[in-house]
Amino acid sequence: MTRWFITGTDTEVGKTVASGALLQAASAAGLRTAGYKPVASGCEITPEGVRNSDALALQRYSSLALSYEQVNPLAFVEPTSPHIVSAEEGRPIAFSALSAGLRALEQQAEWVLVEGAGGWFTPLSETQTYADWVDAEQLPVILVVGVKLGCINHAMLTAEAVKARGLRLAGWIANDIQPPGKRHAEYMATLRQRIDAPFLGEIPYLDSEAQQAECGQYLTLPQS
């Protein structure tokens, strides 16, 4: 059983697109896969309950039949930092709850992908961040870089922060969140030179869910 944590250079850089692609690639390799988004803010109220679109995507791309609550145990409606909305609602985000959900998936899957919220240091409480929980779990990290102006600095800062914890940066993914611009090739060359971790692939600019459903072909799986 292998476990991975997906983080991004910022919010809205395509962590879920990359997570879906990795789950597709792992399933195609014959692995029993599970996606896990322990904390999600920015959810909708549906007849089935509070639902987050990113968590629904992870549920859809997991090879195991998982309930929504298994994929996303902590869901908040307001699209803001988790530590703010959890405090306002009186629903603290306990590391024990995040870990309990992960333990349950580990009993069923061979390959578990955990998707964070926002960037590396997203706060989960007044004193703890997502990075603290990943450190406690000793999860190898995969970095998603949304390729745009400013991404080089954000990618290098995040990669250094992960390694400063003594965690393994198992790889990074370039996600074209906008049509490639004039300096795209130079951005990519610099990222490949400066990020000291395996390059797992580049997901091209995709403007439909149908295209996203087939983007596992662009990635290679990280090495255990």
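Analysis parameters
- Residues numbered from 1 in each chain as written.
- Predicted model: local features only at pLDDT ≥ 70, side-chain atom pairs only at ≥ 80, totals over all residues.
- Heavy atoms only, no water.
- UniProt positions renumbered as here; feature names shortened; annotations may be inferred.
- Contact = heavy atoms within 4.5 Å.
- Polar contact = N/O pair within 3.5 Å; in protein donor to acceptor, adjacent residues only side chain to side chain.
- 1 Å grid on protein atoms, 1.4 Å probe; cavity = no way out; pocket = protein on both sides within 12 Å on 5 of 7 lines; lining within 4 Å.
- Points joined across faces, edges and corners; volume = space filled by probe spheres on them.
- Helix = DSSP H or I, 4+ residues; strand = E, 2+ residues; numbered from the N terminus.
- Nonpolar A, V, L, I, M, F, W, Y, C, P; charged D, E, K, R; others polar.
- Core = buried A, V, L, I, M, F, W, Y, C linked by side-chain atoms within 4.5 Å.
- Buried < 20%, exposed > 50% of the residue type's maximum accessible area, 1.4 Å probe, protein only.
- Salt bridge = Lys/Arg side-chain N within 4 Å of Asp/Glu carboxyl O.
- Pairing = 2+ DSSP bridges.
- Right-handed = clockwise from strand over helix to strand, strands pointing away.
- Axes fitted to C-alpha atoms, helices over the stretch in contact; angles between N-to-C directions.
- Parallel < 35°, antiparallel > 145°, perpendicular 65-115°, else oblique.
- Left-handed = near helix turned anticlockwise from the far one by under 90°.

## Regarding the UniProt feature "binding site: substrate" (unreviewed entry) in the protein chain
(1) Moving on: In the UniProt entry, the feature "binding site: substrate" (unreviewed entry) is given for Ser41.
(2) Moving on: Discounting chain neighbours no more than four positions away, the residues touching serine 41 are Asn52, Phe76, Glu78, Pro79, Thr80 and Pro82.
(3) Moving on: Only 2.7 Å separates the side chain of serine 41 from the backbone oxygen of threonine 80, close enough to count as a polar contact.

## A word on the layout of surface pockets
In this approach the atoms are scanned with a rolling probe the size of a water molecule, which exposes any empty space left behind.
(1) Moving on: Of the volumes computed, that of the largest pocket is approximately 720 Å³.
(2) Moving on: For the largest pocket, the lining is made up of 34 residues, of which Glu12, Thr16, Ser53, Asp54 and Glu115 are closest to its centre.
(3) Moving on: Put simply, the parts of the chain that give the lining of the largest pocket at least two residues each are helix 1 (15-28), strand 3 (39-41), helix 2 (53-61), strand 7 (111-119) and helix 9 (209-212).
(4) Moving on: Among the residues making up the lining of the largest pocket, the classes are represented as 12 nonpolar, 15 polar and 7 charged.

## With respect to the nonpolar core
(1) Moving on: Core analysis: the largest hydrophobic core is formed by 71 residues, its most contacted members being Trp120, Trp133, Trp172 and Ile203.
(2) Moving on: Discounting chain neighbours no more than four positions away, the residues touching tryptophan 120 are Phe5, Thr7, Gly8, Tyr130, Ala131, Val134, Val141, Thr158, Ala161, Val162, Arg165 and Leu167.

## Side note on the pattern of salt bridges
(1) Moving on: Going through the model one piece at a time under the given rule, you end up with 12 salt bridges.
(2) Moving on: Glutamate 137 serves as the salt-bridge partner of arginine 103, at 2.7 Å between the closest nitrogen and oxygen. Placement of arginine 103 in helix 5 (residues 95-106) and of glutamate 137 in helix 6 (residues 130-137) is noted, with a sequence separation of 34 residues between them.
(3) Moving on: Of the residues examined, arginine 103 reaches a relative accessible area of 32% and is grouped as partly exposed.
(4) Moving on: Here glutamate 137 falls in the buried class, since its relative accessible area comes to 11%.
(5) Moving on: Residues aspartate 135 and arginine 165 are paired through a salt bridge, measuring 3.5 Å at the closest nitrogen-oxygen approach. With aspartate 135 in helix 6 and arginine 165 in the loop between helix 7 (151-164) and strand 9 (169-175), this residue pair connects regions lying 30 residues apart in the sequence.
(6) Moving on: On the basis of relative accessibility, which here comes to 23%, the residue aspartate 135 falls in the partly exposed class.

## Side note on empty space enclosed by the protein
(1) Moving on: Following the criterion strictly, the structure yields 1 cavity of 30 Å³ or more and no others.
(2) Moving on: Along the lines of polarity and charge, the residues of the lining of the largest cavity split into 2 nonpolar, 3 polar and 2 charged.

## A closer look at the pairing of strand 10 (residues 199-203)
(1) Moving on: The sheet contact formed by strand 9 and strand 10 spans 4 bridges and is parallel. Pairing of alanine 174 across the sheet is with glutamate 202, part of strand 10.
(2) Moving on: Regarding the hand of the β-α-β motif, the stretch spanning strand 9, helix 8 (residues 184-194) and strand 10 is right-handed.

## Considerations on the packing of helix 5 against helix 6
(1) Moving on: Two numbers describe how helix 5 lies on helix 6: the axes approach to 11 Å, and their chain directions differ by 50°. As far as their axial angle goes, helix 6 and helix 5 are oblique. The handedness of the crossing between helix 5 and helix 6 comes out as right-handed. Facing Phe95, Leu98, Ser99, Leu102 and Arg103 of helix 5, the residues of helix 6 in contact are Tyr130, Asp132, Trp133 and Glu137.
(2) Moving on: Looking at the contact of helix 5 with helix 6 residue by residue, the classes come out as 5 nonpolar, 1 polar and 3 charged.

## Thoughts on the environment of arginine 3
(1) Moving on: Among the secondary structure elements, arginine 3 is positioned in strand 1 (residues 2-8).
(2) Moving on: For arginine 3, a relative accessible area of 18% puts it in the buried group.
(3) Moving on: Residues arginine 3 and methionine 188, spaced 185 residues apart in sequence, show a C-alpha to C-alpha distance of 27 Å.
(4) Moving on: Excluding its chain neighbours within four sequence positions, the residues that come into contact with arginine 3 are Leu102, Arg103, Glu106, Val112, Glu137, Gln138, Leu139 and Pro140.
(5) Moving on: There is a polar contact of 3.1 Å between the side chain of arginine 3 and the side chain of glutamate 106.
(6) Moving on: In this structure the side chain of arginine 3 is engaged in a polar contact, spanning 2.7 Å, whose partner is the backbone oxygen of glutamate 137.

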